[in-house]
Amino acid sequence: MKNNKLENGKNRREFIGDIAKGFGALAIGSTLNLNLLANVPTNQTAEKFGFIIHGGAGTLEKSQMTPALEREYRAKLTEALTAGYNVIVKNGAALDAVETAIHILEDSPLFNAGKGAVFTAAGTNELDASIMDGSNLMAGAVGDVQHIKNPISLARLVMEKSPHVMLVGEGAETFAKQNGVTFVPQSYFRTEQRWQEYLQDKANDEKQKQKQSDKKAKAVSVNYVTINDKHGTVGAAALDKMGNLAAGTSTGGLSYKRFGRIGDSPIIGAGTYANNDTCAISATGDGEYFIRLGVARDISALMEYGGKSIEEAAQIAIGKVGKLGGTGGVVGIDKNGNFVEFFNTDGMYRGRVGTDGKMNIQIYKN
């Protein structure tokens, strides 16, 4: 009996040899340079790769933005975009790029995540985050953490160091201690701007309660949607050179939210989703609507089962959010390196960079 593996291997070598001879003969009468063959990569890398980030969507009118503040936002978005992209360019993993960029945005007081997190109705800061690996559909998330400087990193630890997907509150922080995560006091997250917004929201809520005559209504009243709700959630999505996708999202939640409220950012399939067969998505907006619709996963499903492009899928998904009365948007990248940044608000802090290395930073709708 012949050894099929040996025979097949021999046949393949002979076939390749015949091709080489053919090229050699062709080269005699042409300008074909056989040395070009030596430049064909031996490892399987993606022809396209890219990175995209967001810093929240909401009422962002240019008339309300000072030139100095706009420069600050653009500079920080550029810093985060550059850092994540450099990870990919140096053959790093999409997961690392996502975590690296979100770290920078979490550390900036400009956004509603980490350092600049908004205050709850109780005057505390409660942070949520999630991350997902498109190569194996592993995911990690944390909710209502109050002493973690970079929640996105704790979410990754949950994914990689535990059998769970989501940990919240004291349990999440106990897990963090067990894994050597550095804690910060609640005062770390406070900025004067956020505190003044909280005081204004509190005053508005008290006025609203006073107008209500129903004592029962007074007991449950809360101004969920406030004038300071700018959807400042941050997020990122990446396609690395090995063709792997990843996404992550981090937030301080809804301004003046009730105690224990969790939005879409730490919910896999709502605020974050990544699948190598389709796309990587990070969302920002009215979390309750994004949870009810499973927006991030919906985009992937529309691509997988409906044959939609990432742009078409995002438009459909955000369209559903709008029909329910919600606002917000998504950024993402598909397995072929196509980007999407779609929102139904006046603006969204965002930036993207593809294989060509050209960076694009935008804030407003147009």
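This report concerns the structure included in the present document. None of these values were measured; they are calculated from a predicted model.

So, the overall build of the protein
Right, on to step 1. Summing up its helical and strand segments, the protein has ten helices and twelve strands in all.
Right, on to step 2. Expressed as a percentage of contacts within the protein between residues at least 6 apart in sequence, the contacts between residues at least 24 apart total 69%.
Right, on to step 3. Total accessible area on the protein is roughly 17600 Å²; 52% of this is exposed by carbon and sulfur atoms.

Quick notes on the environment of Glu-160
Right, on to step 1. Structurally, the position occupied by Glu-160 is in helix 4 (residues 151-161).
Right, on to step 2. On the accessibility criterion, Glu-160 (44% relative accessible area) is partly exposed.
Right, on to step 3. Expressed as a C-alpha distance, the spacing of Glu-160 and Ala-139, which sit 21 residues apart in the sequence, is 8.3 Å.

Comments concerning helix 10 (residues 310-324)
Each turn of an α-helix holds 3.6 residues, which means side chains three or four residues apart point in the same direction.
Right, on to step 1. Given a rise of 1.5 Å per residue, 15 residues ought to cover 21 Å, and the 22 Å separating the end C-alpha atoms of helix 10 matches this to within 8%.
Right, on to step 2. For helix 10, the set of buried residues is Ile-310, Ala-313, Ala-314, Ala-317, Ile-318 and Val-321. Within helix 10, the buried residues cover an arc of 120 degrees as seen down the axis, which keeps them to one side.
Right, on to step 3. Where helix 10 is buried, its residues touch strand 8 (279-285), helix 8 (287-293), helix 9 (295-306), strand 9 (328-334) and strand 10 (339-343).
Right, on to step 4. Taken from the residues just after helix 10, Gly-325 is the one with a positive phi, measuring 100 degrees.

Comments concerning unusual backbone geometry
Right, on to step 1. One non-glycine residue, Asn-91, lies in positive phi territory at about 70 degrees.
Right, on to step 2. Of note, Asn-91 is situated in the loop between helix 2 (67-89) and helix 3 (94-106).
Right, on to step 3. With a relative accessible area of 58%, Asn-91 lands in the exposed category.
Right, on to step 4. At Leu-137, a position not held by glycine, the phi torsion is positive, near 60 degrees.
Right, on to step 5. In this structure, Leu-137 sits in the loop between strand 2 (127-133) and strand 3 (138-145).

Some thoughts on the pattern of salt bridges
Right, on to step 1. Inspection of every chain in the model, using the stated rule, returns eleven salt bridges.
Right, on to step 2. Glu-99 is paired through a salt bridge with Arg-156; the nearest N and O atoms lie 2.8 Å apart. Of this pair, Glu-99 sits in helix 3 while Arg-156 sits in helix 4; the two residues are 57 residues apart in sequence, bridging distant segments of the chain.
Right, on to step 3. By relative accessible area, Arg-156 is classed as buried at 12%.
Right, on to step 4. Between Arg-350 and Glu-341 there is a salt bridge, and its shortest N-O distance comes to 3.0 Å.
Right, on to step 5. Judged by its relative accessible area of 5%, Arg-350 is buried.
Right, on to step 6. In this structure Glu-341 comes out as buried when scored by relative accessible area, which is 19%.

With respect to the pairing of strand 1 (residues 50-58)
Right, on to step 1. Along strand 1, nine of the nine residues are buried, which leaves the element largely enclosed by surrounding structure.
Right, on to step 2. Two strands pair when backbone bridges link them, and strand 1 and strand 11 (residues 347-353) are joined in this way by six bridges, in the antiparallel orientation. In the strand pairing of strand 11, His-54 is matched with Arg-350.

Parameters at a glance
Residues numbered from 1 in each chain as written. Predicted model: local features only at pLDDT ≥ 70, side-chain atom pairs only at ≥ 80, totals over all residues. Heavy atoms only, no water. Helix = DSSP H or I, 4+ residues; strand = E, 2+ residues; numbered from the N terminus. Contact = heavy atoms within 4.5 Å. Areas by Shrake-Rupley, 256 points an atom, 1.4 Å probe, with all protein chains shown as cover. Buried < 20%, exposed > 50% of the residue type's maximum accessible area, 1.4 Å probe, protein only. Expected span 1.5 Å × (residues − 1). Arc of directions from axis to C-beta. Salt bridge = Lys/Arg side-chain N within 4 Å of Asp/Glu carboxyl O. Pairing = 2+ DSSP bridges.

Remember that the coordinates give geometry; whether it matters functionally is a separate question.
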